[in-house]
Amino acid sequence: MIEYEALGSAYIFLVNLLAFLAIYLIVNLSLELEYGKTGIPNFGKVLSVAAGAFVAGSVPGRLLGQLFNVYGGVAGITDPVVAECIRGLSPQKPSILNQTEYIEDNVVIVTCVNKVLAANPVLSFGTLVLTLLLAAAVGAALGLVASYPALRLKEDYLAMTLLAFGEFLTAIGYYTRDIVGGTLGVSVVDPFGWVGGEFRYLTATLIIAIVAGFVVLYVRLVSRSPLGRALRAMRDQEVAAEVLGKDTVALRRNVLMVSSAIAAIGGSLWAFYAGGVIATAYDRATWTFLPWVMVILGGAGNEVGVLLGTAVYITARMLIDQYKGLLEPVLPFSVIWLDRLLMGIVLILILIARPQGILPEKPVYPLGRMKVRRIVEAVKSKARS
């Protein structure tokens, strides 16, 4: 019995670890595209992550509720499963038989809609894909809006402006009840519920990991393409890139739009995995400063380094969270502050001891290393002769 419980605990830990790792890898790679490849100091990463989560918390539940006509009373509901579910919950709140409102009756609507999704994998998958596409579109639109100061401001002022953008959206989500329930939050429809039982979180984690894999592949292809070389040229010497005919304004705008779309997908996936959204969970420490720590830890400008930095930090963080009860007696402060202190200490040590990260960025040879060497040797031989 003890071995079974230990195995169950280890299984839950590993599944959550992989989910956290995949979500942060998506967000961190979007920051790598901005800062590591292009040199844009985006300290408002929470803007696009929160936008994706807010889309997942507000749009699919409302659309499915409208599809089943749940808002006009139980008599007009088109799906018998939803109607029966609402009738079963009506003793707790009789008014839902006559009329429902998405935020006020969020738990009732989401609970009943999830019963339909659990029996319909096609509808579940369609809901997931549609939400991710919409989240990406919203993220790209916010990236376009955020790009306007990016086109005109230098690094220091740009970082402060983007930080303000992120705080602005989270404040709207917190104080505007109609988006995601304000201070109380909302439940999110479950597109993974069709799996059922203990494999629900495993399936969700694997899907998130697949999305993260596509993001890794995309960023790597961009890094090795002519576009990636143009981005690095703009990052290292903007004037020289402009002299060579590169449109740095368009490059910055496009990078912010694409990276914001990627981060919004990550935020939306995290909302689906967690099963709920509350605005206070999307703060600058968790979704801006932590990604910066992991990118710098692994090595900016190197997607493999970002993967390594993400894995090292997330694993250490979850191990501390798992065993923080054992650390409480030996720490001179409350263990709840350990995560934030760890983040600050790690960042300071990295910047002092190894500012280039664990895996520094390596030069990229468009023609291949061996071919470049042959060309150099041929030029030297010709010069000697």
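Residues numbered from 1 in each chain as written. Predicted model: local features only at pLDDT ≥ 70, side-chain atom pairs only at ≥ 80, totals over all residues. Heavy atoms only, no water.

1. Describing the overall build of the chain
Part 1: Per the secondary structure count, the chain includes 16 helices and two strands.
Part 2: The dimensions of the chain, computed from C-alpha atoms along their principal axes, are 95 × 50 × 35 Å.
Part 3: When burial is assessed residue by residue, the chain has 44% of its 385 residues classed as buried.
Part 4: Carbon together with sulfur atoms contributes 68% to the accessible area of the chain, which is approximately 19,200 Å² in total.
Part 5: Charged side chains of the chain number 31 positive and 26 negative; the gap between the two group centres comes to 14 Å. (Helix = DSSP H or I, 4+ residues; strand = E, 2+ residues; numbered from the N terminus. Buried < 20%, exposed > 50% of the residue type's maximum accessible area, 1.4 Å probe, protein only. Areas by Shrake-Rupley, 256 points an atom, 1.4 Å probe, with all protein chains shown as cover. Lys, Arg positive; Asp, Glu negative; His and termini not counted. Charge placed at Lys NZ, Arg CZ, Asp CG, Glu CD.)

2. With respect to the nonpolar core
Part 1: In this structure, Val70, Val82, Ile86, Val277, Tyr282 and Trp287 are the most contacted members of the largest nonpolar core, which totals 91 residues.
Part 2: When residues of this core are assigned to their parent elements, the largest contribution, 13 residues, is made by helix α1 (residues 2–38).
Part 3: Ignoring sequence-local partners within four residues, the contact set of Ile86 consists of Val70, Val74, Ile77, Ile96, Val108 and Cys112. (Core = buried A, V, L, I, M, F, W, Y, C linked by side-chain atoms within 4.5 Å. Contact = heavy atoms within 4.5 Å.)

3. Remarks on unusual backbone geometry
Part 1: Phi angles above zero are rare outside glycine, and Asn69 is one such case at about 60°.
Part 2: Tracing the backbone through its elements, the reader meets Asn69 in the loop between α2 (46–67) and α3 (80–89).
Part 3: Using a relative accessible area of 32% as the deciding quantity, one classes Asn69 as partly exposed.

4. Here's the deal with helix α11 (residues 248–274)
Part 1: Here α11 contains 27 residues, and its C-alpha end-to-end distance of 39 Å stays within 8% of the 39 Å for a straight helix at 1.5 Å per residue.
Part 2: In terms of burial, α11 is largely enclosed, as 20 of its 27 residues are buried. (Expected span 1.5 Å × (residues − 1).)

5. Some details on the environment of Ile103
Part 1: Relative to the helices and strands, Ile103 resides in the loop between α3 and α4 (106–118).
Part 2: Residues Ile103 and Ala264 lie 161 residues apart in sequence; the distance between their C-alpha atoms is 22 Å.
Part 3: Ignoring anything within four residues of it in the chain, the contact list for Ile103 reads Arg62, Arg177, Asp178, Ile179, Gly181 and Val186.

6. Details of the packing of helix α9 (residues 226–236) against α11
Part 1: Where α9 contacts α11, the axes come no closer than 11 Å and their chain directions differ by 110°. Viewed along their axes, α9 and α11 adopt a mutual orientation that is roughly perpendicular. Judged by the twist between their axes, the crossing of α9 over α11 is left-handed. Facing α9, whose interface residues are Leu227, Ala230, Leu231 and Met234, α11 presents Thr248, Leu251, Arg252 and Val255.
Part 2: Looking at side-chain class alone, the contact of α9 with α11 contains six nonpolar, one polar and one charged residues. (Axes fitted to C-alpha atoms, helices over the stretch in contact; angles between N-to-C directions. Parallel < 35°, antiparallel > 145°, perpendicular 65-115°, else oblique. Left-handed = near helix turned anticlockwise from the far one by under 90°. Nonpolar A, V, L, I, M, F, W, Y, C, P; charged D, E, K, R; others polar.)

7. Let's talk about the confidence of the model for the chain
Part 1: In the predicted model, the chain carries a mean pLDDT of 87, and 96% of its residues have values of at least 70.
Part 2: Under a pLDDT of 50 for its full length, residues 1–7 has, in the predicted model, zero contacts with residues more than four places off or in other chains. (pLDDT = per-residue confidence, 0-100.)

8. Some remarks on α2
Part 1: With 22 residues, α2 should reach 32 Å at 1.5 Å per residue; the first-to-last C-alpha distance of 31 Å fits that figure.
Part 2: By the largest-angle criterion, Val55 marks the main kink of α2, which is about 25°. (Bend = angle between axes of the 7 residues up to and from the residue.)

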